[in-house]
Amino acid sequence: YYDQLTLLPNRQKLHLDIIDSSPVGCIIFNIDDFKEINDFFGLEAGDEILKQVGLWFKELGFKTYRTGGDEFTVLLYDTQVTADILEHRLSIFSHTLEEKEFQIAQEDIALRMSAGVAFGKENLLIHADIALHTAKEKKMNYYIYQEAENLEEHYHKNLNMAEQIRKAIVQGRIICYYQPIVDSNTHSIIKYETLVRMIDECGHIITPNEFLPIAQKMKIYSRITQEVIYQACHLFKESSIEFSVNLSIQDIEDEHTMYAILKTIHETKTAHQIVFEIVESHGIDNYDNVQNFIAKVKSLGSKIAVDDFGVGYANFSHILQMNVDYIKIDGSLIQDIVDNPKNIILIQSIIEFAHQLNIKIIAEFVSSEEIYHKVKSLGIDYLQGYYIGKPTALTILG
């Protein structure tokens, strides 16, 4: 019933105490970025931090359980504690934690924690856990579970979708659509972008915005990437046309995905046709990994595009580091180009910068004749969008 490291009661004891003592609420605390402490200082240092955190909870007077690797749980028994009062106390707790210094090898370490809170008798731990995940998603210090928000239903939908994705991968129901990209001067198709879709068990097409975010959170995104690259390379290997596939930073940092990509382009002899679109809006923390990947695939004859450029983390110096061949201007800038003169100024700056470096520009989301003529007049090299052509399945290209 007790954790050997911190000597706190464990999860099994927590379940017994909930049955025996009927608490009115529960708080689950999770140390933010604890993996970084283990990676930087080592596992022994991480264990020492956990012992210090457990002791600190005791000093604060909490009846605390260690219920996971870096997770601590507190039960609430005071029937007078309302959500407002608890919110105030959690705010004080966060400030107290900011002032607290933990020590590793004579180094002072600051910690942050996320907390999930739930009240009630039914599914107390489940609701607190859902609240904790919500706090982390929303980047909040704490989150209080509200029955009316149907978070549990949302949580189960996500789990169900994750299971559907896994089945779709195994059963061959991850498919590719291809959207044409045209030369702005000749209007001839010069390449295609590969876009993923999922077919559900009833035969309906599921769009990527419905399943890709969940795939990323459930660590199955890279399996989808591998399948997309496999399908696209085998489709285009009999032609000479260029095609692009999207890669996330998560893909680039995954060794299995990188091995699968290089194996596929080698077997299909499509290295000189493929363009890897790196999603710039996700941000890049480790440029060494990205630059190593870019150098490797460009040595094989592949090209690089930066996707979603112009918003979020957009950084001109990053373009220089990445040695790209194409810049794809973020669709939100193109969609508002007719009504927002400021967008034109930004786009003109991107075009001038790119063309001086011999980088080609692609405009996405060209959805109307008006937008089409506007982007053409700016000197953008290639155009893509519903006005040009919708994503569709393609047969074998000759």
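Residues numbered from 1 in each chain as written. Predicted model: local features only at pLDDT ≥ 70, side-chain atom pairs only at ≥ 80, totals over all residues. Heavy atoms only, no water.

Visitor: Tell me what's going on with the pairing of strand 14 (residues 326-329), and back it up with residues and numbers.
Guide: Side chains of strand 14 alternate between two faces, with Tyr326 and Lys328 and Ile327 and Ile329 buried alike. Pairing of strand 13 (residues 303-309) with strand 14 involves 3 bridges; the strand directions are parallel. Within strand 14, the residue paired with Ala305 across the bridge is Tyr326. Bridge count between strand 14 and strand 15 (residues 360-363): 4 bridges; the pairing is parallel. By the bridge assignment, Lys328 is partnered in strand 15 with Ile362. (Buried < 20%, exposed > 50% of the residue type's maximum accessible area, 1.4 Å probe, protein only. Helix = DSSP H or I, 4+ residues; strand = E, 2+ residues; numbered from the N terminus. Pairing = 2+ DSSP bridges.)

Visitor: Tell me about the nonpolar core, residues and numbers included.
Guide: As a rule of thumb, soluble globular proteins bury nonpolar side chains together. Of all hydrophobic cores here, the largest spans 72 residues; its most connected members are Ile165, Ile224 and Phe276. Not counting residues up to four positions away in its chain, the partners in contact with Ile165 are Met198, Phe211, Ile214, Ala215, Ile220 and Ile224. Counting residues in hydrophobic clusters, the runner-up holds 29 residues, among them Phe34, Trp56, Ile104 and Tyr142. (Core = buried A, V, L, I, M, F, W, Y, C linked by side-chain atoms within 4.5 Å. Contact = heavy atoms within 4.5 Å.)

Visitor: Which residues make up the pairing of strand 15, and what values do they have?
Guide: Strand residues, when the strand is regular, have side chains that alternate between the two faces of the sheet. Pairing between strand 15 and strand 16 (residues 382-383): 2 bridges, direction parallel. Along strand 16, the bridge assignment pairs Ile362 with Tyr382. You can see the chain leave strand 15, run along helix 15 (residues 369-377) and come back into strand 16, and the turn it takes is right-handed. (Right-handed = clockwise from strand over helix to strand, strands pointing away.)

Visitor: Describe empty space enclosed by the protein, and please don't skip the residues or the numbers.
Guide: One water molecule sets the probe size; rolling that probe over the atoms shows where empty space is left. All chains considered together, the criterion is met by 2 cavities of 30 Å³ or more. Approximately 70 Å³ is the volume found for the largest cavity. Within the lining of the largest cavity, the residues separate by chemical class into 3 nonpolar, 2 polar and 2 charged. In this structure, the second largest cavity spans a volume of roughly 30 Å³. Taken together, Phe29, Leu90, Phe93, Ser94, Met113, Ser114, Ala115, Asn141 and Tyr142 make up the lining of the second largest cavity. Breaking the lining of the second largest cavity down by element, the ones donating at least two residues are helix 4 (83-99) and strand 6 (113-119). Split by residue class, the lining of the second largest cavity holds 6 nonpolar, 3 polar and no charged. (1 Å grid on protein atoms, 1.4 Å probe; cavity = no way out; pocket = protein on both sides within 12 Å on 5 of 7 lines; lining within 4 Å. Points joined across faces, edges and corners; volume = space filled by probe spheres on them. Nonpolar A, V, L, I, M, F, W, Y, C, P; charged D, E, K, R; others polar.)

Visitor: Explain a negative patch on the surface to me, and be specific about the residues and the numbers.
Guide: A surface patch of negative charge is lined by Asp336, Asp339, Glu369 and Glu370. You can call Glu369 partly exposed: its relative accessible area is 46%. (Patch = residues over 30% accessible without salt bridge, like charges linked within 9 Å, V, L, I, M, F, W, Y side chains within 5 Å. Areas by Shrake-Rupley, 256 points an atom, 1.4 Å probe, with all protein chains shown as cover. Salt bridge = Lys/Arg side-chain N within 4 Å of Asp/Glu carboxyl O. Lys, Arg positive; Asp, Glu negative; His and termini not counted. Charge placed at Lys NZ, Arg CZ, Asp CG, Glu CD.)

Visitor: Now, about the layout of surface pockets: what can you tell me, with residues and values included?
Guide: The volume enclosed by the second largest pocket comes to roughly 970 Å³. Lining the second largest pocket are 35 residues, and of these Glu193, Leu195, Pro208, Leu212 and Asn246 sit closest to its centre. Where the lining of the second largest pocket is concerned, the elements lending two or more residues are strand 9 (189-199), helix 7 (208-217), helix 8 (221-236), strand 11 (242-247), strand 13 and helix 13 (331-335). Broken down by class, the residue content of the lining of the second largest pocket amounts to 15 nonpolar, 14 polar and 6 charged.

Visitor: Describe the packing of aromatic side chains, naming the residues involved and giving the relevant values.
Guide: Following the criterion strictly, the structure yields 18 aromatic pairs and no others. Ring centres of Trp56 and Phe57 lie 5.9 Å apart, and the angle between their planes is 55°; this geometry places the pair in the tilted category. Look at Phe316 and Phe353: their rings are 4.7 Å apart centre to centre, the planes differ by 75°, and that puts the pair in the edge-to-face class. On the criterion of sequence distance, the pair formed by Phe316 in helix 12 (residues 316-322) and Phe353 in helix 14 (residues 341-356) is long-range, its members being 37 residues apart. Three or more aromatic residues joined by ring pairs form one cluster here, namely Phe29, Trp56, Phe57, Phe62, Phe72, Phe93 and Phe102. When the ring centre of Phe102 is taken as reference, the NZ or CZ atom of Lys100 above it lies at 5.5 Å. Looking at Lys191, its charged tip hangs above the ring of Tyr382, at a distance of 5.2 Å from the centre. (Phe/Tyr/Trp six-rings, centres within 6.5 Å; stacked < 30°, edge-to-face > 60°. Lys NZ or Arg CZ within 6 Å of the ring centre and 35° of its normal.)

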